[in-house]
Amino acid sequence: MDDVLNHPLIASRYFFPGGRAPASTVTVPVVGAELACAVHRVDPEGFTVVHFHGNGEVVADWQGVWDRVINALGWDLFLAEYRGYGGSTGEPRLGLMLEDVTAVIEAAGPPERIVVMGRSVGSFFALEAVRRFPSIAGLILESAIADPLERLLLRVSPDEVGASTDEWRKLGQRLDHRAKISGYSGPSLVLHTRFDGLVDVSHAERLARWAGGPSTLRIFESGNHNSILPENWDLYVAEVTEFLDRVRRTSS
């Protein structure tokens, strides 16, 4: 049986690939594609943030910005790219993209010295990472999605992808963010803006409530889905800094 998550209709309606290649590239081979990721290191023996960006973004958008923040804290930054995005080959297929998480984490370093960060649709892959690698040191979710199946249903119906009721139910199990975050015992930081018009703030509240380990929820009063960082720069960076410092202290 074909994987419904790899149906091209889901890809065409949900993902927005393209964009420029990164200024520097670390190629991560996966099944049927090569991912054009990037790494910015300051301490090869230290800790690493693995960043999964949002939809309509590429790794290059974060170079020269987020790498400076993370590197200034003494952390390496590994920017994960998706199939068909930036300089990567292949086409976005959600089922395969979830499988690609293993190769990305293995390329980034030992899980116990990694914090994964997922922004918006990147939360799919950050949460998949802690499911596959429960020893990951920390999890940051920003503008994240609590119920992926709910989001998919906004743009595609089961009938359109030829999914039976049983197949759609199984998709819900594979995309169960509640199960993934509740099964992770490490610390998490959940960031969201109260006025997010694309992903309601209730998603953040649910994720923080479901967390299986110690969780911090920070809701900003300024910005929206795509301006949460620039409109809350100092507060946002302070929250990430405090979280990473705490992870490093407790993991060293």
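Just above sits the structure.
Residues numbered from 1 in each chain as written. Predicted model: local features only at pLDDT ≥ 70, side-chain atom pairs only at ≥ 80, totals over all residues. Heavy atoms only, no water.

Observations concerning the side chain of Asp67
Part 1: Position of Asp67 among the secondary structure elements: in helix α2 (residues 66-72).
Part 2: Although buried, Asp67 forms no salt bridge, and the nearest oppositely charged side chain, Arg68, lies 5.3 Å from it.
Part 3: Reaching out from Asp67, the side chain makes a polar contact with the side chain of His40 at a distance of 3.5 Å.
Part 4: Ignoring sequence-local partners within four residues, the contact set of Asp67 consists of His40, Trp62 and Leu77. (Helix = DSSP H or I, 4+ residues; strand = E, 2+ residues; numbered from the N terminus. Buried < 20%, exposed > 50% of the residue type's maximum accessible area, 1.4 Å probe, protein only. Lys, Arg positive; Asp, Glu negative; His and termini not counted. Salt bridge = Lys/Arg side-chain N within 4 Å of Asp/Glu carboxyl O. Polar contact = N/O pair within 3.5 Å; in protein donor to acceptor, adjacent residues only side chain to side chain. Contact = heavy atoms within 4.5 Å.)

Remarks on the nonpolar core
Part 1: Grouped together as the largest cluster of nonpolar side chains are 55 residues, with contacts concentrated most on Val50, Phe52, Leu94, Ile105, Val116, Phe125 and Leu139.
Part 2: If sequence neighbours within four positions are ignored, Phe52 has contacts with Ala80, Tyr82, Val104, Val116, Met117, Gly118, Arg119, Gly122, Phe125 and Ala126.
Part 3: In terms of nonpolar packing, the next biggest core, distinct from the first, is built from 27 residues, Leu73, Met117, Phe220 and Val237 among them. (Core = buried A, V, L, I, M, F, W, Y, C linked by side-chain atoms within 4.5 Å.)

Brief notes about unusual backbone geometry
Part 1: Even without a glycine there, the phi angle at Ser120 is positive, about 55°.
Part 2: Tracing the chain through its elements places Ser120 in the loop between β5 (114-119) and α4 (122-132).
Part 3: When its relative accessible area of 8% is taken as the criterion, Ser120 is described as buried.
Part 4: Phi is positive for Ser143, which is not a glycine, with a value near 50°.
Part 5: Residue position: Ser143 is located in the loop between β6 (138-142) and α5 (148-153).
Part 6: Owing to a relative accessible area of 0%, Ser143 belongs among the buried residues under this scheme.

A few points about the pattern of salt bridges
Part 1: One pass over the full model with this rule turns up 18 salt bridges.
Part 2: A salt bridge links Arg119 to Glu142; the shortest N-O distance between them is 2.9 Å. Here Glu142 lies in strand β6 and Arg119 lies in strand β5, a separation of 23 residues in the sequence.
Part 3: With relative accessibility at 1%, the residue Glu142 sits in the buried group.
Part 4: One continuous salt-bridge network, built from bridges that share partners, spans Glu99, Glu128, Arg131, Arg132 and Lys180.

Here's the deal with the sheet that holds β6
Part 1: Taken in spatial order, the eight strands make up an open sheet running β1-β2-β4-β3-β5-β6-β7-β8, and their pairing is mixed. Of all strands in the sheet, those bounded by a partner on one side alone are β1 (26-30) and β8 (215-220). The sheet shows a mean angle of 20° between the axes of neighbouring strands, taken without regard to direction.
Part 2: Direction of pairing for β1 relative to strand β2 (residues 33-40): antiparallel, over a ladder of five bridges. Each residue of the ladder has a partner; that of Val28, found in β2, is Leu35.
Part 3: In this fold α4 packs onto β3 (48-52), β5 and β6, with an angle of close to 150° to the strand it touches most, β5. (Pairing = 2+ DSSP bridges. Axes fitted to C-alpha atoms, helices over the stretch in contact; angles between N-to-C directions.)

Here we look at the environment of Glu106
Part 1: Along the chain, the position of Glu106 falls in helix α3 (residues 94-108).
Part 2: Glu106 gets classed as exposed once you look at its relative accessible area, which sits at 57%.

Quick look at helix α10 (residues 233-251)
Part 1: Relative to the 27 Å expected for 19 residues at 1.5 Å per residue, α10 spans 27 Å between its end C-alpha atoms, a close match to the ideal helical length.
Part 2: All buried positions along α10 are accounted for by Tyr236, Val237, Glu239, Val240, Phe243, Leu244 and Val247. Along the axis of α10, the buried positions cluster into a sector of 155°, meaning they face one direction only. Exposed and facing more than 90 degrees away from the buried side of α10 are Asp234 and Arg249. (Expected span 1.5 Å × (residues − 1). Arc of directions from axis to C-beta.)

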